[in-house]
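One letter stands for each residue in the lines below.
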Amino acid sequence: MSAVLELRAVTRQHGAGEGLVHALRGVSLQVAAGELVAVMGPSGSGKSTLLHLAGGLEAPTSGEVLVEGTALSGLSRKRLAQVRRRAVGYVFQDLNLVPALTAAENVALPRELDGAGARAARREAVEALTEVGIAELADRFPDDMSGGQQQRVAIARALVGDRRLVLADEPTGALDSETGEAVMALLRARCDAGAAGVLVTHDARHAAWADRVVFLRDGRVVDESVYRSPEAALGTLGSLR
Amino acid sequence: MSVRHGLLALLSERPRHGYELRAEFERRTGSALNVGQVYTTLSRLERDGAVVGTGDGEEGRSTYALTPAGAEELHDWFTTPVTRESRPRDELAIKLALAVGAPEVDVPAVLQAQRTDSLRALQDYTRLKARADAVDDLAWLLVLDALVFQTEAEVRWLDHCEARLVRARAAAPPGPAAAPVRAPGREGVRR
């Protein structure tokens, strides 16, 4: 099974001397196509650093990050930017929607930056908005939408153009519990359709959508919880009787 | 859990056979009853005048129906809140309360082992919920939701315990009881 994302003994330090912080201390992780992995841990445990490294937004101090088999450290700045745009989708707590652009334009933006024609980018954007259930809002501006709708636009932008790796940092942060559930169902569906997903969250209920939940403490993976099968799930209930 | 009231509730919808009561109870609550439990409870209910068995059918299958007395007992059950005292003792809280004082117990590891197990259960419930039908499986979904929220609360409580432990150890005078809190669990876990 080939991993879409692979972290090999990755460490990351910030600062120097007295202020040296070991954000990650040798983390290895593989995420296969179709798999959703949740990362949990207290603040300062290295969750967000892990996500930044996975997306090529930061470089590791040592170790290697591979996206679809390509080591990011060997790439030129230009190629790295290309991988970030084409292979990786990001959903961050801070949505970063451009207020002057409509929903469809926001979603089409990464594809246009990537050189897709305006018409093709628009078509892909509408497809992505349809997938997240808000095709009818394509021509609305972010300020005229609810928080949940804006979050869906941000997710559509992360999914557009068939990204194989979706990285989400507290994507349900500011949403009410029902909208949060809907966002998680979307991420899950995207992974079931073949994407690899990494979700950073402090919310156990959302982490529970993942195939694996990885626990970070002080920059190390200390344990993980793996989903087994529906039969095993029913077995769990059996033990409650 | 009250088998007695469960059966009364199912009989309040319509008369049913014992085997049907058992199957329906399991379908809605995910909680299994054995045949013996069902028939013992039915005969007690009949003795107490809460149900009446009608027409010993073929193969000895009686159909049971709710009586007015049974309906009243059921009404009382539904309208009376479940008291916290009537629930079983919380083994986990008791275990942790004893762990913090016990020598040579790695409390953070105890917390993490529990957290991993609770998350796995949450993963199970979440998948079962995703497979259920919003209308046909309404009763079952309510039970699953209850399990999800209880387990989520447990995980939050475990996080809280860990933070409290770190604070307490930082505040305690140095000594054997104030060993530094280690990162819990197995190291270098990967698949």
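Residues numbered from 1 in each chain as written. Chains lettered and ligands numbered in written order. Predicted model: local features only at pLDDT ≥ 70, side-chain atom pairs only at ≥ 80, totals over all residues. Heavy atoms only, no water.

*Asks:* Looking at this structure, I do not really get the confidence of the model for chain A. What am I missing?
*Replies:* As a note on interpretation, predicted positions should not be read in detail where pLDDT is low. In this model, chain A carries an average pLDDT of 89, and 96% of its residues clear a pLDDT of 70 or more. Within chain A, the lowest mean pLDDT, 68, falls on helix α8 (residues 230–238) of chain A, and the highest, 97, falls on strand β3 (residues 36–40) of chain A. (pLDDT = per-residue confidence, 0-100. Helix = DSSP H or I, 4+ residues; strand = E, 2+ residues; numbered from the N terminus.)

*Asks:* What am I meant to see in the environment of Ala93(B) here?
*Replies:* Within the secondary structure, Ala93(B) sits in helix α5 (residues 91–99). Each C-alpha atom, one on Ala93(B) and one on Asp48(B), is 39 Å from the other, the two residues being 45 residues apart in sequence.

*Asks:* How should the domain arrangement of chain B be read in this particular structure?
*Replies:* Residue and element names in this part refer to chain B. Segmenting chain B into domains produces domain 1 (3–85) and domain 2 (89–178). A C-alpha centroid distance of 34 Å is found between domain 1 and domain 2. If you look at the interface, domain 1 gives four residues, while domain 2 gives five residues. Between domain 1 and domain 2, roughly 310 Å² of surface is buried when both sides are summed, and carbon and sulfur atoms account for 54% of that area. The largest contributions to the domain 1 side of the interface with domain 2 come from Arg27, Arg28 and Thr29, which together make up 88% of the buried area. (Domains from an automatic or database assignment. Contact = heavy atoms within 4.5 Å. Buried area = accessible area lost by both parts, 1.4 Å probe.)

*Asks:* Just to check I follow, could you spell out helix α3 (residues 35–47) of chain B for this structure?
*Replies:* For an α-helix the count is 3.6 residues per turn, leaving residues at separations of three or four pointing the same way. All names here are of chain B. Taking 1.5 Å per residue, 13 residues should reach 18 Å; α3 reaches 18 Å between its end C-alpha atoms and fits that length. Taken together, the buried positions of α3 are Val38, Thr41, Leu42 and Leu45. The buried residues of α3 all sit within an arc of 105° when viewed along its axis, so they share a single face. Just downstream of α3, Gly49 is the residue with a positive phi angle, here 75°. (Expected span 1.5 Å × (residues − 1). Buried < 20%, exposed > 50% of the residue type's maximum accessible area, 1.4 Å probe, protein only. Arc of directions from axis to C-beta.)

*Asks:* Is there a simple way to explain the sheet that holds strand β5 (residues 70–71) of chain A in this structure?
*Replies:* The pairing of strands in a sheet comes from backbone hydrogen bonds and takes either a parallel or an antiparallel form. Residue and element names in this part refer to chain A. Taken together, the four strands give an open sheet; going across it, the order is β2-β1-β4-β5, and neighbouring strands pair in antiparallel fashion. Sheet topology places β2 (21–32) and β5 at the edges, where each strand pairs with a single neighbour. The sheet contact formed by strand β1 (residues 3–14) and β2 spans nine bridges and is antiparallel. Bridging across to β2, Val10 finds its partner in Val27. (Pairing = 2+ DSSP bridges.)

*Asks:* Before we go on, may I ask you to explain the interface of chain A and chain B in this structure?
*Replies:* Frequently, the measure chosen for interface size is the accessible area removed from exposure when the parts meet. The interface of chain A with chain B comprises 35 residues on the first partner and 36 residues on the second. Here chain A packs against chain B, burying approximately 3,200 Å² in sum over the two surfaces, 55% of which is carbon and sulfur. Summed over the shared surface of chain A and chain B, the result is five salt bridges. As a salt-bridge pair, Glu181(A) and Lys129(B) come within 3.9 Å of each other at their nearest N and O atoms. On inspection of chain A and its partner chain B, the count reaches nine residue pairs in polar contact (both at pLDDT 80 or more). (Salt bridge = Lys/Arg side-chain N within 4 Å of Asp/Glu carboxyl O. Polar contact = N/O pair within 3.5 Å; in protein donor to acceptor, adjacent residues only side chain to side chain.)

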